[in-house]
Amino acid sequence: MGERPEITRSRDRRRTRARPLAAVAVAVLVAAAGCGDAGPARTADTAPTPTRSSTPTPASTGSPAPPDLPAPDAKIPTDAAKLAAALERTTSRLDEAIEAWTAGGKAAKGPPPEEVELLALHQQRIYRYAARHPKVAARAFARLPAGPAAQARDNTAAIRELLSLAHPIKGSATFKVRDPLPAGTLLGYFKKAERRFGVEWEVLAAVMFAETKFGRVCSASHVGAQGPMQFMPATWKAYGMGGDIQNARDAVMAAANYLRATGAPGDYRRALHAYNPSQAYVNAILLHARQIKRDAGNFYAYYAWQVYVITTTGERRLTGP
């Protein structure tokens, strides 16, 4: 999956008329399949990283977390007041850690620092609990200031929408996962696609986040969608502009091309529904994109969230500490 040469402008500008082809399937629906012989695409910022197989069993916690950071399997409070306090404390510390990681807004290079990774995972786990316990979540979020409460409601609603699309798989299934490209590299791809096709980079980021957690999942979906933006082969043939479906840069450009051809930026709901014909999916993408627009730091928080799958024996985390 090495990086392809720069696509010529004439090919970049090619936009085929929209066809009634579903482009993708959400990452929580993935099933076992290959993702090529190499690791992530080569860029100036990263060397190839081998893919690794993972069965859907609880991720190893490895070394204990520093005493002032939440452990990967730290208990999530079930009391509304304690849940609100944990979310507010975790998100505040995560924001500060991301600010330090990005040096006040610069494109981050390399993997997230341990502090960002652990805090982001804890935040993600709080939201996943909240999504499954709406009554407790409602009481907890009512205790938060207006801004954090709105963020919490958006994130929880988005997770709940994606969970509604979950396609449980056998507990013995094997997945291929890998480390994502650096956040700054992906951010560059999203912004380049926005300049070329007029599709907001925040929407493109939200799509890749929902589909494969920014390329961590490299298995095909249970319906055959492939690559970091999870294109069906027929849709890729029409909108991939001759690129490599497994290449992150090519896939982001193709997604922008497809969304532009199906209604974006004028009608994101229509375009996203063409990308994946589900109102739950559309709602989730727009909720996540809204949070990134409100604060670009949320892009880095989402980048540090991990891959979960739904199995017939329960939820499993495949990546992370």
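Residues numbered from 1 in each chain as written. Predicted model: local features only at pLDDT ≥ 70, side-chain atom pairs only at ≥ 80, totals over all residues. Heavy atoms only, no water.

As for the confidence of the model for the protein chain
Heads up, the rule is: pLDDT gives the predictor's per-residue confidence on a scale running from 0 to 100. The contact criterion used throughout is that any non-hydrogen atoms of two residues lie within 4.5 Å.
On average, residues of the protein chain score 84 in pLDDT, and 79% of them reach the 70 mark or higher. Segment residues 1-22: pLDDT under 50, and 60 contacts once partners within four positions in sequence are set aside and those in other chains are kept. Long-range and interchain partners of residues 57-61, a stretch whose pLDDT sits below 50, account for 11 contacts in this model, where long-range means more than four residues apart.

Re the pattern of salt bridges
For the record, the criterion: One side-chain nitrogen of Lys or Arg within 4 Å of one carboxyl oxygen of Asp or Glu is enough to make a salt bridge. For the purposes of this entry, the term helix denotes a DSSP run of H or I that reaches at least four residues, the term strand denotes a run of E that reaches at least two, and both are numbered from the N terminus. Throughout this description, buried means an accessible area under 20% of the type-specific maximum (1.4 Å probe, protein chains only), exposed means over 50%, and partly exposed covers the range between.
Going through the model one piece at a time under the given rule, you end up with 7 salt bridges. Close ionic contact of Glu315 with Arg128 constitutes a salt bridge, the shortest N to O distance being 2.6 Å. Separated by 187 residues along the polypeptide, Glu315 in strand β4 (residues 314-317) and Arg128 in helix α3 (residues 114-132) bring together distant segments of the chain. We classify Glu315 as partly exposed; its relative accessible area is 29%. The residue Asp154 makes a salt bridge to Arg294 at a minimum N-O spacing of 3.6 Å. In this pair, Asp154 sits in helix α5 (residues 146-163) while Arg294 sits in helix α11 (residues 279-294), placing the two residues 140 residues apart along the sequence. Salt bridges linked by common partners bring Asp68, Arg93 and Glu115 together as one network.

Side note on α11
Rule in force here: Expected span, for any helix, means 1.5 Å times one less than how many residues it has. Distance and chemistry together define a polar contact, namely a pair of N or O atoms within 3.5 Å, with one atom able to donate a hydrogen and the other to accept it when in protein, and with adjacent residues in sequence counting only for side-chain atoms on both sides.
Between the first and last C-alpha of α11 there are 22 Å, a value that for 16 residues agrees with the 22 Å anticipated at 1.5 Å per step. Of the surrounding secondary structure, the elements contacted by the buried residues of α11 are α5, α7 (201-212), α10 (268-275) and α12 (297-303). You can read the cap of α11 off the contacts: a side-chain oxygen lies 3.3 Å from the backbone nitrogen of Ala280, and it is on Ser278.

Describing the side chain of Gln151
Inspection of the secondary structure assignment puts Gln151 in helix α5. Within the local environment of Gln151, its side chain forms a polar contact with the side chain of Asn298, the two groups lying 3.0 Å apart.

A closer look at the nonpolar core
The condition that has to hold: Throughout this description, the term nonpolar core refers to a set of buried Ala, Val, Leu, Ile, Met, Phe, Trp, Tyr and Cys residues connected via side-chain atoms within 4.5 Å.
Counting 87 residues, the largest nonpolar core has Phe190, Phe214 and Phe299 as the members making the most contacts within it. Other than its neighbours up to four places away in sequence, Phe214 contacts Pro180, Leu186, Phe190, Ala205, Met208, Phe209, Phe299, Tyr302 and Tyr303.

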